[in-house]
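Reading the structure
What follows is each chain in one-letter form.
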There are 2 protein chains.
Amino acid sequence: MATAARPTYAVIAKTAGVSEATVSRVLNGDDSVHPERARRVQEAVDKLGYKKNRVASALASGRTGLIAVVIDDDLSVFSDPFYGTVTSGVSRVLMENGLQTVLMVSPVGSLDGSVAHYLKSGEVDGAIFFALHSDLLINNLKKQGLPLVITGTPHSSSDVAFVDTDNFGGAHSATKHLMSNGAKKVAIITGDIGTTAAKQRLDGYLQAYRESGHVPAKGLICEGDYSFEAGKAHCEKLLDQHPDVDGIFASNDLMALGALTALRDRGISVPEQVRVVGFDDSLIAQTSAPALTTIRQDVVALGEAAGTLMIAQLNGQEVEPIILPTELIIRASA
Amino acid sequence: MATAARPTYAVIAKTAGVSEATVSRVLNGDDSVHPERARRVQEAVDKLGYKKNRVASALASGRTGLIAVVIDDDLSVFSDPFYGTVTSGVSRVLMENGLQTVLMVSPVGSLDGSVAHYLKSGEVDGAIFFALHSDLLINNLKKQGLPLVITGTPHSSSDVAFVDTDNFGGAHSATKHLMSNGAKKVAIITGDIGTTAAKQRLDGYLQAYRESGHVPAKGLICEGDYSFEAGKAHCEKLLDQHPDVDGIFASNDLMALGALTALRDRGISVPEQVRVVGFDDSLIAQTSAPALTTIRQDVVALGEAAGTLMIAQLNGQEVEPIILPTELIIRASA
DNA sequence: TGATTTCGTGAAAGCGGTTTCGCGGGTAGT
DNA sequence: ACTACCCGCGAAACCGCTTTCACGAAATCA
């Protein structure tokens, strides 16, 4: 294999003139060891360049130092940089705490797919779920006592820890921004309404409308699916059915770009005639023409929050959900 | 921890009426066990729902079943969906072969950062590197006998296994496409020339020029860095210095989009006055206006190839680099 | 038929840490 | 000065699976 004979506790113990038990105590921060002996152990460790064998440690202690990041997917999601970005945030926090990230990209539906087996078999100390299609496995794992964190708000309000962006607040301020800039008739193109994020964004939109004292006209609420085509098609439909629409809030930047495209195709000027706001502040938002006013969510921070919540649970702390704030980024489109 | 008492070899052995050694043999596909006894073992395994404890297995056998995917990065790269996509391809192949993917996103430069330590400590059976900034660590690990795969062509031609897209061929056909559509003066905006991919794409461009019997005028070769801004800025400079440029090959779609933006800002029509070709066939290419003609690379396949090469090495096979073909996708921009 | 391989199998020794248990000596209580 | 504790530390069991080694039986050879 990879290594030439690495030292073990046996040789550390011998060089330091103590027992292996003491070596273990020192290396695990047990403070009941006499400082002088601890120093000797530490010296031996440094001198020999000792690195603990995590596998052996895992077997003996039952803690593997591995956290699974599970992306519930059938390979359609990868064009979206979102997952990679969140994962990198998770990974960074975990590494800082001496844990490693095990990536599992796989449909998760059932209770005994290979992912389920892996998680249940105690080979990871915890699991972080993305893009959850079902709560079935979650509840099952929760019952087994596996520390869990969900990225995104779960459907059922079980008491599983989760992190999410403030979708409601973001959508609310997007809609308010449109209105306060003079838009009277603001439409929304929602995301896949099966996702909680899309629902929350819709709710934020509705709340802003409510506060304005008006009610969105029928047909201003378009159910999209986060795709460019959906944004474009819904925008066209809106223009046909509601020629006086003067504001569009798209639940993500890609649909906003679709809308911009449809508007340009019809020679409608943005933001003069129709204002458009997106959500995410992805690369697209910065490079579109006109540049997109959008709601920024800090995706790396989301991952870091997930990692932090996991660490907290491993330390036996009670955890509360974390909702990250959003920021309105004003560019040219609204 | 996670599990209620899972069965061990001890109970499997007892129920099947054999020794633990025999259980191990059966579960590891050693065919020297009498079929009848093997069947009994298998029955016991099924009946008890036994799943092997990988940690214990790893300790005893020295094989952990984990492959590291190392992304050498300082957090700038995550907006690019490329890495996530490749990784998902890797992960899929590995999982199919009973291996798990350990993600490490971290600057890798030195020989003894935490990543280096982790890899050297034998806690993974192999490592797949992305976006390599230096060959230092690679050569060191290679010497230690750790199975390695690099995604992208390495700088030094050490004999490390790697997978890559046919950058040369892709750039070649992109440039030829521009020329055969009538472009006489074709510029290239390269990627970060420190990357081998950018160099290869430049070479492909030069080769196509050579075959056309012409030589690219001075100033037609612009050194970019894969960013939108670079694409835009270089395009503007080109238009200033070479008003008769009629073709632009950008080394990625994002820079091509920057070029399109610059062209639109100046009221230059695409593809009538200037033709543009990108590279990647990312989402951007499909949603830009006009839609971008580009070179498609199959990023998931790249990851799968990397995984496959890893598996082969673990099986002790000699491996050759894999170069994946590209495809010219003709849309509106050229 | 006796000597020699071959083959299937179990006992047992690891793999390299962690953790329980109990011992000896020092401190405290009376 | 005598029992009662407490504290630091080492011996040894243990985590669950792999692998070597040797043994008895069956097969091959002379």
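In what follows, the accompanying structure is described.

Rules and cut-offs
Residues numbered from 1 in each chain as written. Chains lettered and ligands numbered in written order. Predicted model: local features only at pLDDT ≥ 70, side-chain atom pairs only at ≥ 80, totals over all residues. Heavy atoms only, no water. Near = heavy atom within 4 Å. Polar contact = N/O pair within 3.5 Å; in protein donor to acceptor, adjacent residues only side chain to side chain. Helix = DSSP H or I, 4+ residues; strand = E, 2+ residues; numbered from the N terminus. Nonpolar A, V, L, I, M, F, W, Y, C, P; charged D, E, K, R; others polar. Least-squares fit on C-alpha atoms with pLDDT ≥ 70 in both. Contact = heavy atoms within 4.5 Å. Pairing = 2+ DSSP bridges. Axes fitted to C-alpha atoms, helices over the stretch in contact; angles between N-to-C directions. Phe/Tyr/Trp six-rings, centres within 6.5 Å; stacked < 30°, edge-to-face > 60°. Buried < 20%, exposed > 50% of the residue type's maximum accessible area, 1.4 Å probe, protein only. Lys NZ or Arg CZ within 6 Å of the ring centre and 35° of its normal.

What to know about the protein's contact with DNA strand C
Close to DNA strand C lie 26 residues; Y9(A), Y50(A), T22(B), R25(B) and R37(B) are nearest. One of the side-chain nitrogen or oxygen atoms of S57(A) is found 3.3 Å away from a phosphate oxygen of DNA strand C. Looking at the surface near DNA strand C, the elements with two or more residues in it are α2 (20-27) and α4 (54-61) of chain A together with α2 (20-27) and α4 (54-61) of chain B. Per-element accounting of the surface near DNA strand C gives the leading share, 4 residues, to α4(A). Considering only residue class, the surface near DNA strand C consists of 11 nonpolar, 10 polar and 5 charged.

Observations concerning the relation of the copies chain A and chain B
With an axial shift of 0.0 Å and an RMSD of 0.1 Å, the rotation relating chain A to chain B amounts to 180°. Here the copies are linked by what is in effect a two-fold axis. Mapped onto chain B, 100% of the interface residues of chain A again fall at the interface, so both copies present the same surface.

Considerations on the sheet that holds strand β9 (residues 275-277) of chain B
Residue and element names in this part refer to chain B. Ordered by their spatial adjacency, 4 strands build an open sheet running β7-β6-β8-β9, and the pairing between neighbours is parallel. Of all strands in the sheet, those with a lone pairing partner are β7 (221-223) and β9, marking the two edges. On average, each strand axis in the sheet is inclined to that of its neighbour by 15°, with strand direction left out of account. The pairing of strand β6 (residues 186-190) with strand β8 (residues 247-250) spans 4 bridges and is classified as parallel.

Points about the sheet that holds strand β7 (residues 221-223) of chain A
Residues and elements named next belong to chain A. Judged by pairing direction, the sheet is mixed, and its 6 strands sit side by side in the order β7-β6-β8-β9-β10-β12 without closing on themselves. Since the sheet does not close on itself, it has two edges, and those belong to β7 and β12 (327-329), each with one partner. Adjacent strand axes in the sheet meet at a mean angle of 20° when their direction is disregarded. Those strands touched by helix α9 (residues 196-212) are β6 (186-190), β7, β8 (247-250) and β9 (275-280), and its axis lies near 170° from that of β6.

What about the packing of aromatic side chains?
Summed over all chains, the structure comprises 10 aromatic pairs over all chains. Look at Y83(B) and F130(B): their rings are 6.1 Å apart centre to centre, the planes differ by 35°, and that puts the pair in the tilted class. Here F130(B) lies in strand β3 (residues 126-130) and Y83(B) lies in helix α5 (residues 81-96), a separation of 47 residues in the sequence. Each member of the pair, Y83(B) as well as F130(B), carries the same accessibility label: buried. Through a chain of ring-to-ring contacts, three or more aromatic side chains come together here, namely F82(A), Y83(A) and F130(A). The positively charged end of R201(A) is found above the aromatic ring belonging to F279(A), 3.7 Å away from the centroid.

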